[in-house]
Every structure is written in C-alpha cells, then in structure tokens.
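Understanding the architecture of this molecule
Now for the letters of each chain:
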Amino acid sequence: MNKRRGPHMTRHPEGPNPVAVRTKRHACAVCGLVVGLACLLCTAAAGARPPHDAALPEAVEGVPALPARLTLQECFLRALAANKDIRVAQLRTESSEAGIMQAEGEFDVNLFAEAGVGRSDTPVAGVPVTRTETSDADVSMGLRRRMVTGTELELRASSRYMRDRTHTSVLNPQYSPGVTLGISQDLLKDGGVGINRTQVTIARNNLLVTEEGFRDTAMRTLLEVEEAYWDLTYALADLEVRRKERDSADRLVKRAEGRHRAGDVALIEVTRAKARAASRSVDIVSAENRVSQTRNRLLQLMGVLDGASESAEFELVDAPPDVGFRTTLADALAVAAQERPDYRQANLAIANADLTERHAENQRLPTLQAFGEYSLAGLGDDLSDGTGDIRDGRYGSWRAGLRVEWPFPNRSARARHRIAVIQRRIALVQQADVLEQITREIADALESLRAAEARITRAVEARELAEQLLKAEERSFDLGLSDALDLLSAQQDLAAAERDEIGARTDYASALAALYRAQGDLLQRKGVALIAREPAAASE
C-alpha cells in the first residue's frame, strides 16, 4: 500500500456512520499502546503498598453459656469477646486502617480516556469566499501517576481522524495517531519522599492512636469487670454473714424463750431477741437485692446479660489476692511512661504535630518543577500507516523546561505554618497535662492500696476480738450475768467485723487492679496481650 495516496487514488464511499465506525477502531488501537505500561505501573503500585496485619481480633459472635464455676480470667475473656465498648473500639481501629488506605490512594495509578466527534464548516478567504467542511473524531487515553518522590508520570496515546468533505485536502481522510510520555518533578514545594508521605505517616500514627484507645478501653473494661467481680464476691459474703447473723438471732430467740419458761429472764428479753431476728430478715432481703444488682452488672460488662444468663447459676472461684505488693511512685511512673495508652497517644500527637509543621513549612516554598516530554506522531490515510510511523519512530519531538509559581505574599501558606507551630505547642502542653494526671492517679492508687492493706490488718484484729467477745457474752448470758441485748450486740459486732474484713480484702484487690490500670500494664498483669505497632517516625 502506498503510504501517501492522494484523494484521486482513494475513494471511500460515504457509509451510514463512518465516523463512529472509525472511532471504535481508533479506540482499540490506542488501547494496545498503553496496556503494557498499565500493567507495569499497577504492579508497582500494588508492590509499594505495605500490608497491614490485623492487630486486633474480631469480636466473637457466639458466646458460650456461663460455666458453673466462673474465674476472673474467664470473665476477662468473655468481656474481650462480647463487651460492646470493646467492639466499638475495634471498629474504630478498622476505620483508621481504612484511613491509611485513603492516604496511600494519592499514589494510585489513574486511568483516563476521552473520545469525541465533531463537524466544522470554516470560511476560507478568497473571491468569492469559499468554505472548508470537515468531520472528525478523536480518542485519547492514558495513565497518570504521582510518585512518593514528587514525580508525576503520564503516558498518553491518541488518534485523530479527519475527513475533508470538500475534498480540498491532499490527504483525505487523515489519521493522526500519537504517543506522548511526560514527566515532571517537584524540586522545592511538594518535593521529596518525606513531604509526599506526610499524610500516610499521619494516618499510620492515627492507627496507633486508635489502637492505644482500644488498649485503654480494654483496660478500663477489665478494671470494671474485676471491680464487679470483687463487689459480687463481697455481696455474696455479706449475704452469707447476714444469714449466719439471722440464724444466730433465731437461736437466741429459742434460748431466751427457754430461759423465760424457766423464769430466769423477763418476757422483754424474748421480745428483744425476736425483734432483732426480724431485723436480720429485712437485712437479708436488702443483701439479696445487692447481690442481684452486682451480678447483673458483672454479666453486662461481660456482654452476656440476657434472658438466659440472668437466671443462670454460677460460683465465683477466685479469692482476693494476698497483701504484699510493693512499689514506689517513681517505679510506677517509669512503667506508666512506657505503658499508659493516653501518654502514648500524647506522644503520637506530638509526632503528628511535628509532621504537620514540617509539611506546612514546605508549603511556604515556591513551586519549582522540572518537566519534560517526548512525543511520537504519525500521519496517513489509513490508521495502520500512522501507527507504522510511531512504531518506526519517524516523527519524534521533545520539550523540557522549568515551571515556577510563587504566590505573594503567600499569606495562606504562612498562616497554615503558624497554625501548625501553635498546634505543636498545644500538643506539648497536653502531654505535660497527661503526665500530671497520670502522676495523681498513681499516687491516689498507691494510697488506696496502702489504706486497704492497713484496713485488712485492723479488720483481722477486730474480727478476732469480736469472736472472743461473743464467746464471753454467750457464757455470761448462759450464767444470767448479761441479757439478750448484750449478746445481740456482740453478735452484731462480730458480723460487722467479718463484713469489714471481707470488704477490706476485696477493696485491696480492686485497689491493686486500679494501680495496674494507672500504670498502664493491667493487660500484661492479667495475661492479656495485644499486638502493638511502632509509631511512624517524622523522617519516614
């Protein structure tokens, strides 16, 4: 085929829609020009995206029935699996992971395409005035991608079809395919890997923030679970003590009635004993109500409070820990500096503020871009003729240069930089405030722990003395040296001492857990480990 046939040698009959038919052929040809580079860029984009391993377990959908013997560790595991606050914290973490994907999307490959048809009727100067009437169709498509270095790449393939309806053109119809590869590089503003990955790095740090929020929620929930566990332990023990107290009061009624029949005591002693026994029955009703409410609170924290579990019977197995834990404020603060979620979050806020300030400072620079492009073009009365020109590299052109842009006086960028500087100062102040809050919480927790330990020592002494006093009062009552009121008072003192001892021991257990929570290592102390990521550095 002759590559440059004139109109007298080629006659293309007018079809019903020749432009549309040829446009479709152009599109197919252009597609073939960019498929190879598309595969290359897409593969690079997929390889550049680092994987994000799931740091948190999915919530368990089905929770097994409550066991007959319930340990504190079992309560922890059930709370982690089904507690609604923990599930919300997990979903927030998943949302932050999606935020990383969104930030990395800036470096995705963009595929673009455009097609159009047209017709023009152009006057031509002469005597008389003539006209040139043409119909045309064009299609173009390509790939565009911004790299983390600030480099922008674009590969564009196009083809244009034109037919001169007045038959004045030497080459009619004309096919004008072309391929262009362009590249530009930011040298000042938006230049460099660190600046271009700022939002990705911030998104990664935000993921760490939400993971620390998950840890904080988990520790808060586990602390509430443990407090509820010990509260229920105390409520059950208190109920048992009150039942024993009522039984003792009932036995005293029988003893008083026997002595009254023997004429040893007056009827008022029997009445006193019966009144005290009735009062103990009222106390038992109140104690049973406290047990029910505390039990429901524990079930709700475990996420299993429903119609079936509400009536389930179970026994609390664990006993409060023995006293003897020792630490200092300095040691506890050293642990908190490494483990407290809110302190880690404060450090991450400073890291993000540093990144934002550095990016804002970069945005104050002028835009300076180096650019270049290389094009190959073809021309023929058939599409294969034009693509042959491109394949042979017959008609090539290039262009390179610099592009500069600098707004003056650049107030927007300067204001954003000042805001970023202030936000970093705010983050530093907030970190100091968090540290003060941690110090106070640990100091209070240590004081509560010491007070609970001292209460245990005093409560044990009081209970032993109350037991001795009750035995003495019982002997005195049997000998007629004391009345029922004295014996009832001794019974009440012993019951109160037993409740105080149990309350002191459960309070010590709760205070110890609160100290672990204040230090930030409650999860480790309870054998619950979560996967942690390292914070993204400002230089990443």
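Residues numbered from 1 in each chain as written. Predicted model: local features only at pLDDT ≥ 70, side-chain atom pairs only at ≥ 80, totals over all residues. Heavy atoms only, no water.

**Quick look at the environment of Arg-458**
Tracing the backbone through its elements, the reader meets Arg-458 in helix α11 (residues 411–478). Along the chain, Arg-458 and Asp-500 lie 42 residues apart, while their C-alpha atoms are 9.3 Å from each other. (Helix = DSSP H or I, 4+ residues; strand = E, 2+ residues; numbered from the N terminus.)

**Let's talk about a nonpolar patch on the surface**
On the surface, Leu-187, Leu-188, Leu-365 and Leu-402 cluster together to form a nonpolar patch covering roughly 350 Å² of accessible area. Looking at where Leu-187 falls in the secondary structure, it is placed in the loop between β5 (174–186) and α4 (193–196). Residue classification places Leu-187 among the partly exposed residues on the basis of a relative accessible area of 44%. (Patch = residues over 30% accessible without salt bridge, like charges linked within 9 Å, V, L, I, M, F, W, Y side chains within 5 Å. Areas by Shrake-Rupley, 256 points an atom, 1.4 Å probe, with all protein chains shown as cover. Salt bridge = Lys/Arg side-chain N within 4 Å of Asp/Glu carboxyl O. Buried < 20%, exposed > 50% of the residue type's maximum accessible area, 1.4 Å probe, protein only.)

**Examining the confidence of the model for the protein chain**
Looking at the protein chain as a whole, the pLDDT averages 82, with 84% of positions reaching at least 70. Helix α9 (residues 341–362) holds the highest mean pLDDT among the elements of the protein chain, 95, whereas helix α1 (residues 18–48) holds the lowest, 45. Low pLDDT, under 50, characterises residues 1–61; the stretch is placed with 97 contacts to residues that sit more than four places away or in other chains. (pLDDT = per-residue confidence, 0-100. Contact = heavy atoms within 4.5 Å.)

**Description of unusual backbone geometry**
With omega at 0°, the peptide bond leading from Asn-172 into Pro-173 counts as cis. Across the junction of Phe-408 and Pro-409, the peptide omega takes the value 5°, indicating a cis bond. Structurally, the position occupied by Pro-409 is in the loop between β8 (395–405) and α11. Phi is positive for Asp-190, which is not a glycine, with a value near 65°.

**Here we look at the pattern of salt bridges**
As enumerated under the stated definition, the model contains 35 salt bridges in all. The residue Arg-215 makes a salt bridge to Glu-339 at a minimum N-O spacing of 3.7 Å. Linking Arg-215 in helix α5 (residues 198–261) with Glu-339 in helix α8 (residues 329–339), this pair joins segments that are 124 residues apart in sequence. In this structure, Glu-288 engages Arg-243 in a salt bridge whose closest nitrogen and oxygen atoms are separated by 3.2 Å. Of the two residues, Glu-288 sits in helix α6 (residues 267–301) while Arg-243 sits in helix α5, which places them 45 residues apart along the sequence. According to the relative accessible area criterion, Glu-288 is partly exposed, its value standing at 35%. One continuous salt-bridge network, built from bridges that share partners, spans Asp-238, Arg-242, Asp-283, Arg-290 and Arg-499.

**Description of the nonpolar core**
Among the nonpolar cores identified, the biggest contains 57 residues, and Leu-298, Met-302 and Ile-442 are the most heavily contacted of them. With 12 residues, α5 is the single largest residue contributor to this core. If you look at the next biggest cluster of nonpolar residues, it comprises 15 residues, including Ala-277, Leu-470, Phe-477 and Leu-494. (Core = buried A, V, L, I, M, F, W, Y, C linked by side-chain atoms within 4.5 Å.)

**A short note on helix α3 (residues 84–104)**
The terminal C-alpha atoms of α3, which comprises 21 residues, lie 31 Å apart, in line with the 30 Å expected from a rise of 1.5 Å per residue. Burial in α3 covers these residues: Ile-86, Ala-89, Gln-90, Thr-93, Ser-96, Ile-100, Ala-103 and Glu-104. Buried residues of α3, seen end-on, are gathered within an arc of 130° and therefore sit on one face of the element. Exposed and facing more than 90 degrees away from the buried side of α3 are Lys-84, Arg-92, Met-101 and Gln-102. (Expected span 1.5 Å × (residues − 1). Arc of directions from axis to C-beta.)

**A short note on helix α2 (residues 72–82)**
Burial of α2 is extensive: 8 of the 11 residues sit out of reach of the surface. Listing the buried residues of α2 in full gives Leu-72, Cys-75, Phe-76, Arg-78, Ala-79, Leu-80, Ala-81 and Ala-82. Structurally, α2 contributes buried residues whose contacts are with β1 (69–70), α3, α5 and α6.

**A few points about the packing of α8 against α9**
α9 packs onto α8 with a crossing angle of 55° between their chain directions and a minimal axis gap of 6 Å. By the criterion of interaxial angle, the relationship of α8 to α9 is oblique. Relative to α9, the crossing made by α8 is right-handed. For the pair α8 and α9, the contacting residues are Ala-336, Ala-337, Gln-338 and Glu-339 in the first and Pro-341, Tyr-343 and Arg-344 in the second. The residue inventory of the contact of α8 with α9, partitioned by class, reads 4 nonpolar, 1 polar and 2 charged. (Axes fitted to C-alpha atoms, helices over the stretch in contact; angles between N-to-C directions. Parallel < 35°, antiparallel > 145°, perpendicular 65-115°, else oblique. Left-handed = near helix turned anticlockwise from the far one by under 90°. Nonpolar A, V, L, I, M, F, W, Y, C, P; charged D, E, K, R; others polar.)

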